[in-house]
Structure formats: C-alpha cells, structure tokens
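Notes for the structure review
These are the residues of each chain, in order.
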Amino acid sequence: MNCDNPMDNPSLATHAEDVGMACGMSHGEASDVTLRDVQRQVDSWITGIGVRYFSPLTNMAVLTEEVGEVARIMARRYGDQSFKSGENPDALADELADVLWVVSAIANQTGVDLTDAFARNIAKKTARDLHRHDHLRTGHN
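Since we're looking at a predicted model, the values are computed, not measured.

1. A word on the environment of His-131
Note on placement: His-131 falls in the loop between α6 (114-129) and α7 (134-137). Engagement of the side chain of His-131 in a polar contact is seen with the side chain of Asp-134, the distance being 2.9 Å.

2. Considering α6
The terminal C-alpha atoms of α6, which comprises 16 residues, lie 21 Å apart, in line with the 22 Å expected from a rise of 1.5 Å per residue. Its side-chain oxygen at 2.9 Å from the backbone nitrogen of Thr-115, Asp-113 defines the N-terminal cap of α6.

3. Things to note about the environment of Pro-56
Mapped onto the elements, Pro-56 comes out in helix α4 (residues 56-77). Once the C-alpha coordinates of Pro-56 and Thr-110 are considered, the two residues, 54 residues apart in sequence, prove to be 7.9 Å apart.

4. Structural notes on the side chain of Ser-104
Along the polypeptide, Ser-104 turns up in helix α5 (residues 92-110). Among residues more than four places away in sequence, those in contact with Ser-104 are Val-38, Gln-39, Val-42 and Leu-114.

5. Topic: the packing of helix α3 (residues 35-48) against α5
Viewed as axis vectors pointing N to C, α3 and α5 meet at an angle of 85°, and their least axial separation amounts to 9 Å. One finds that α3 runs roughly perpendicular with respect to α5. Along the contact surface, α3 presents Leu-35, Val-38, Gln-39, Val-42, Asp-43, Trp-45 and Ile-46, while α5 presents Leu-100, Trp-101, Ser-104, Ala-105, Ala-107 and Asn-108.

6. Side note on the packing of α4 against α5
Where α4 meets α5, the axes come as close as 9 Å, and the angle between the chain directions of the two elements is 160°. In terms of orientation, α4 and α5 fall into the roughly antiparallel class. In the packing of α4 onto α5, the handedness of the crossing is left-handed. Here the residues of the contact of α4 with α5 are counted per class, giving 15 nonpolar, 2 polar and 6 charged.

Definitions and limits used
Residues numbered from 1 in each chain as written. Predicted model: local features only at pLDDT ≥ 70, side-chain atom pairs only at ≥ 80, totals over all residues. Heavy atoms only, no water. Helix = DSSP H or I, 4+ residues; strand = E, 2+ residues; numbered from the N terminus. Polar contact = N/O pair within 3.5 Å; in protein donor to acceptor, adjacent residues only side chain to side chain. Expected span 1.5 Å × (residues − 1). Contact = heavy atoms within 4.5 Å. Axes fitted to C-alpha atoms, helices over the stretch in contact; angles between N-to-C directions. Parallel < 35°, antiparallel > 145°, perpendicular 65-115°, else oblique. Left-handed = near helix turned anticlockwise from the far one by under 90°. Nonpolar A, V, L, I, M, F, W, Y, C, P; charged D, E, K, R; others polar.

Written out as structure tokens, the structure reads:
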C-alpha cells in the first residue's frame, strides 16, 4: 500500500493509527520509536510524499510558526486567554508533534542525529546540574 496523503484520503485521515499503517508502520511502532526513527520517518515522508525539503531557513520559519501555535494553546489552556470559537483546545499534542516534525526535518538537512545529540545533551545537563537543586530537595533555602 502506498503512503497516501491523509488529506487526499479522508478515510485514512480520521485515524492516525490507520495513517501509520498505510505508511508501513506496524501497531505499536509509533509509540516505540527513537528520535533516529522519527528522523527516518520524516525523511521518508518528505522525499516520498512531500517530494523535497524546504530550505533550512524556510524550515526555521516554519518551526517558529509551529512553536507559536503551541504557545497559543498554552496561553489559552494554562494562561489568561480564552479559546476563540472554532479553536481546538485539545490540539496541543498535534502541535507538539508538528514541532518535533520540523525539528527532525532541520536535523536531517543539517546532518544532526537527534538520538545522539539528545544523549549528549542529557549528559551535559546532568554533569552541570546534578547538585544544583540539592538545597530544594533537602528543604533548605
């Protein structure tokens, strides 16, 4: 089966798991992926369905747009703003996935392996902050 564009096939668009199956993913695979797997899936989609990558600068602008959509939902759900008519208050997961998608695309086109980068980042933060908050753990200020 081809990885149909869900926008062109409403029967696939109604169930994300069905879309994953159409794209060659097995049940449970979407929940057990590494960042490297995400990068591969994004690359396969972009080069198969999307045809090509946008330029890195365009993808940076798209990332900014997607982060803005996350911020809009956060401001309405957890901040002082109210949802407007027609806005989906349950869209946070989808918008965060959009951010992950674009970050993966940028990583792909700049040669960054996010699985390795994330492991190095966690090690850096752990070395830097291992005892940073000890005073909060013990209840002393």
